[in-house]
Each structure stands twice: as structure tokens, then as C-alpha cells.
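Structural overview for review
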Amino acid sequence: MTSLFEPCTLRELTIPNRVWMPPMCQYSAAPEGPETGAPTDWHFAHYAARATGGTGLIIVEATAVSPQGRISPYDLGIWNDTQVEAFRRITRFLTTQGTVPAIQLAHAGRKASTDRPWKGGAPVGPDAHGWGAVAPSPLAFDDEHPAPTELTADQIKDVVGQFAAAARRALAAGFEVAEIHGAHGYLINEFLSPHSNHRTDAYGGSYENRTRFALEVVDAVREVWPDDKPLFFRISATEWLEEGGWTADDTVRFAADLRVHGIDLLDVSTGGNASGVRIPTGPGYQVPFAARVKNETGLPVAAVGLITDVEQAEKILANGEADAVLLGRELLRNPSWARHAARELGGDVRVPDQYHRSV
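Residues numbered from 1 in each chain as written. Predicted model: local features only at pLDDT ≥ 70, side-chain atom pairs only at ≥ 80, totals over all residues. Heavy atoms only, no water.

1. Topic: the overall build of the protein chain
Counting its regular elements, the protein chain contains 11 helices and 13 strands. Radius of gyration (C-alpha) of the protein chain: 19 Å, near the 21 Å computed for a compact globule of 359 residues. Every one of the 359 residues in the protein chain was classed for burial, and the buried ones make up 58%. In the protein chain, the proportion of contacts linking residues at least 24 apart, taken out of those at least 6 apart, comes to 71%. When the accessible area of the protein chain is evaluated, it comes to approximately 14,300 Å², of which 49% is carbon and sulfur surface. Seen as two clouds, the 32 positive and the 45 negative side-chain charges of the protein chain have centres 4 Å apart. (Helix = DSSP H or I, 4+ residues; strand = E, 2+ residues; numbered from the N terminus. Rg over C-alpha atoms; globule rule 2.2 N^0.38 Å. Buried < 20%, exposed > 50% of the residue type's maximum accessible area, 1.4 Å probe, protein only. Contact = heavy atoms within 4.5 Å. Areas by Shrake-Rupley, 256 points an atom, 1.4 Å probe, with all protein chains shown as cover. Lys, Arg positive; Asp, Glu negative; His and termini not counted. Charge placed at Lys NZ, Arg CZ, Asp CG, Glu CD.)

Structure representation (C-alpha cells):
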């Protein structure tokens, strides 16, 4: 059996293969009204296509735990029951195709309230459905973003509760895996990094203080998430800063902490919290960070970052650099990548009866 098409078991959940889809925002939900934040026909068609294409696990895009936690007014959310019911349509279909439905629970922090990327992605105000952003410290992400409001200790605890409530709703919506978004310069990442966290209370300063909020979120979600279902955490393994930021060494240390607190897999990305940095991109450029976590801590990892080629993906797994590969842009280009890979490698992947002529 090829590594790509070997099942992956985490806790009591078995994922049929190791070709996974990472969270990729679609910015296609209603910005106001009773359907705010709820998935639409676009979301159904988008995720359904990748499920029929053989993807083993699909992580639904960053889904906000509160209205204030959205990246844009057009983001998905899971803070009310209307959203839960809309998600059920997606999770039911993914399950019928043998795909495991997962969801990323997120809070955008100081990078919230921006326009859709194809509209420029600039911060928006109340006249464009926007709101005021919050963060660990009143430091703007860049010159275009306004300074956020610093969260109080009580407000931090409220956000922890919002993550737990969102996890309960995700379970009710039919998701089998929850992922906590701690990467790409959003709220949890902002607390982790000394670049964005200048607090002097129990949530800032030392490594232990800066990781406190993240671990409180993990504990709150793990408490309501069933013991038989896996919990993932997405991290930016480095900020690509020469000094004053979160580092790969920090990530390895934190991965060990996350394992103790009940995280079953680390989804390893990089960057997003510091503007203007130079990132040396290239095929598989983030894989070494995942491999280091796996080798030094034993925590299962998923690798991401310009993984496009079948042979490349198979080699990452066969070499023990990761336990799964997350294909982002490539799955946007080719929803049936998994089926094509199975045909090339001789692997086994489910093909819908309606597509039997494609075999």
C-alpha cells in the first residue's frame, strides 16, 4: 500500500487516506441578516466536489467563534444554531462520500474586519459591515490596519468560553474533528508571539504566560470535545523574523505542551503575524518544520506548503516527515487530486458510483 492511501487512525477515528484539504477561506457567507456566517450553496458545492474527488479529510475554512472573530464580514461562523443547521447539510454529504468532516475554529484578533481579498483586503469600517478589532496588545498589524483594542483578563476568559461553545456546536453540526487556529497572525498566534504580545500581566512576557491563553482554549475545547474524537491545532512554526518573534524552537517546545493538553495532531504552517517579512517559498518549504516536531516530540503532524506533485507528497509520508499532507491551492485547481494520485500510485480510493466510468 502506498503511504498516501494508508488509513490514519487518531483516537477512535480512522481517516481513509492521508490526502487532506486544509482550511481555505471562501469569503462567501452573508455579511448581515439571519443567515450571517452560515454556509451557502457555494460552500456546499466547494466541499462536496473535493469529497467526491477522494479527499480523506476536509477541514472547513476558518470559522469564527464570534461575530467579532471573523476575518471579514463574509466569513463563516459557528456562534448560533442557524449556522449549525446549515453546516449539517455539508457534513452529512461529506460523510456519505467516506470523507471525514473537520472544522477550524478561529478568532481573527487584530487582523479582523477586512474586505475580501479580491476587493483588496483592506480593513473596513461600520459602513461596510466592519467592527473594531481586539488583540492581546494595542499594536496594529501594519500601517493599513487600525490599532486594536487590548483585551482585558475578563474578556480573554469570555473568548475562551466562545471557543468551547463553538466546539459544542461543531459537534452538533456533525463534525468529527475540530482544529484550533493558532497560526497566521490571528488571535491565538498574537498571544503566543512576543512580536505582537507586549502584555505585562499573566498573559504576557514569559513563554509560560504567552502560551497561557492558547492552552486555556485547548483545555476548554478538549473538555467538551468527545474523548473518542481527535483535536488538531494549527500553528505558525516560525514568523520568519530574525529576532523578537516566535521561533521553530518555541514550536517544538509548545508541541510537547499541546500533546499533554490533549492535542492529537499539529497542523504545521508558518508566517502571517509579522508584516513585510521575506519568506523563502518553494516546493514543500514548510515540511522541515513539521518533520522536526514529529521527530523531536512524537506528536503526529500534517505538512502544508506548495505540495502539488504526487511523487512529492508520497515521499514526504514515506520518509516519515509527516503523517498527512494538506493540499491547498492544488485542490482548488484539481478537486479530484486524490483519485488521480491513486490511479498513478496504484492506491485505493473511493470512487462514487456515478463516476464509475472515470476509473
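2. Focus: the layout of surface pockets
One number sums up the size of the largest pocket: a volume of about 1,300 Å³. In terms of lining residues, the largest pocket is bounded by 47 residues, among which P23, Y27, H184, Y186 and R329 are the most central. Grouping the constituent residues of the lining of the largest pocket by class yields 22 nonpolar, 18 polar and 7 charged. Approximately 160 Å³ is the volume found for the second largest pocket. Lining the second largest pocket are 13 residues, with P16, N17, D348, V349 and R350 positioned closest to its centre. (1 Å grid on protein atoms, 1.4 Å probe; cavity = no way out; pocket = protein on both sides within 12 Å on 5 of 7 lines; lining within 4 Å. Points joined across faces, edges and corners; volume = space filled by probe spheres on them. Nonpolar A, V, L, I, M, F, W, Y, C, P; charged D, E, K, R; others polar.)

3. Remarks on the side chain of E179
Tracing the sequence through the fold places E179 in strand β9 (residues 177-182). Within the buried set, E179 has no salt-bridge partner at all; the shortest N-O distance to an opposite charge, 4.6 Å, is to R234. Here E179 is in contact with P23, I59, I103, Q104, L105, F232, F233, R234 and D267, once residues within four sequence places are set aside. (Salt bridge = Lys/Arg side-chain N within 4 Å of Asp/Glu carboxyl O.)

4. Considerations on the pattern of salt bridges
One pass over the structure, following the stated rule, counts 13 salt bridges. Across the salt bridge formed by E176 and K229, the nearest N and O atoms sit 2.6 Å from each other. Note that E176 is positioned in the loop between α3 (153-172) and β9 and K229 in the loop between α6 (212-224) and β10 (231-236), a separation of 53 residues in sequence. Judged by relative accessible area, E176 falls into the partly exposed class, the value being 26%. A residue is classified by how much of its surface remains accessible, and K229, at 14% relative accessible area, is buried. One salt-bridge network, in which partners are shared between bridges, spans R11, R222 and D264.

5. A short note on α3
If you check α3, its first and last C-alpha atoms are 29 Å apart, about what 20 residues at 1.5 Å a residue would give, namely 28 Å. When α3 is considered as a whole, its buried residues turn out to be I156, V159, V160, F163, A164, A166, A167 and A170. For α3, the arc enclosing every buried residue in end-on projection is 155°, short of the 170-degree limit, so these residues lie on one face. On the buried face of α3, the contacting elements are β6 (100-106), β9, α4 (187-192) and α6. (Expected span 1.5 Å × (residues − 1). Arc of directions from axis to C-beta.)

6. Things to note about empty space enclosed by the protein
This structure, assessed with the given rule, holds 1 cavity of 30 Å³ or more. Every residue along the wall of the largest cavity is listed here: A62, T63, A64, G69, R70, I71, D75, A106, H107, A108, H181 and Y186. For the lining of the largest cavity, the class distribution of residues is 6 nonpolar, 4 polar and 2 charged.

7. Section: helix α1 (residues 41-52)
Every α-helical turn comprises 3.6 residues, leaving residues that sit three or four positions apart pointing alike. End to end, α1 covers 16 Å across 12 residues, agreeing with the expected 16 Å (1.5 Å per residue, within 8%). When we look at burial in α1, the residues that qualify are H43, F44, H46, Y47, A48, R50, A51 and T52. Directly after α1, the chain includes G54, whose backbone phi takes a positive value near 100°.

8. Side note on the packing of α3 against α6
Orientation of α3 relative to α6, taken along the N-to-C sense of each, is 35°, at an axis distance of 9 Å. Note on packing geometry: the crossing formed by α3 with α6 is right-handed. On the side of α3, the interface is formed by I156, K157, V159, V160, F163, A164, A167, R168 and L171, while α6 contributes F213, E216, V217, A220, V221 and V224. (Axes fitted to C-alpha atoms, helices over the stretch in contact; angles between N-to-C directions. Left-handed = near helix turned anticlockwise from the far one by under 90°.)

9. Structural notes on the UniProt feature "domain: NADH:flavin oxidoreductase/NADH oxidase N-terminal" (unreviewed entry) in the protein chain
As recorded in UniProt, the feature "domain: NADH:flavin oxidoreductase/NADH oxidase N-terminal" (unreviewed entry) lies at residues 3-344. The span residues 3-344 is 34% helical and 16% strand by assignment, and the distance between its end C-alpha atoms comes to 13 Å. (UniProt positions renumbered as here; feature names shortened; annotations may be inferred.)

10. Considering the pairing of strand β4 (residues 57-64)
The two faces of a sheet get side chains in turn, since along a regular strand they alternate between them. The buried fraction of β4 amounts to 8 of the 8 residues, a majority that puts the element mostly inside the structure. Both strand β3 (residues 19-21) and β4 contribute to a ladder of 2 bridges, which runs parallel. Paired with M21 across the two strands is I58, which belongs to β4. Pairing of β4 with β6 involves 7 bridges; the strand directions are parallel. Bridge pairing in β6 places T63 opposite L105. Sheet analysis places β4 next to strand β5 (residues 76-77), joined by 2 bridges and oriented parallel. From the neighbouring strand, T63 faces β5, where its bridge partner is L76. (Pairing = 2+ DSSP bridges.)

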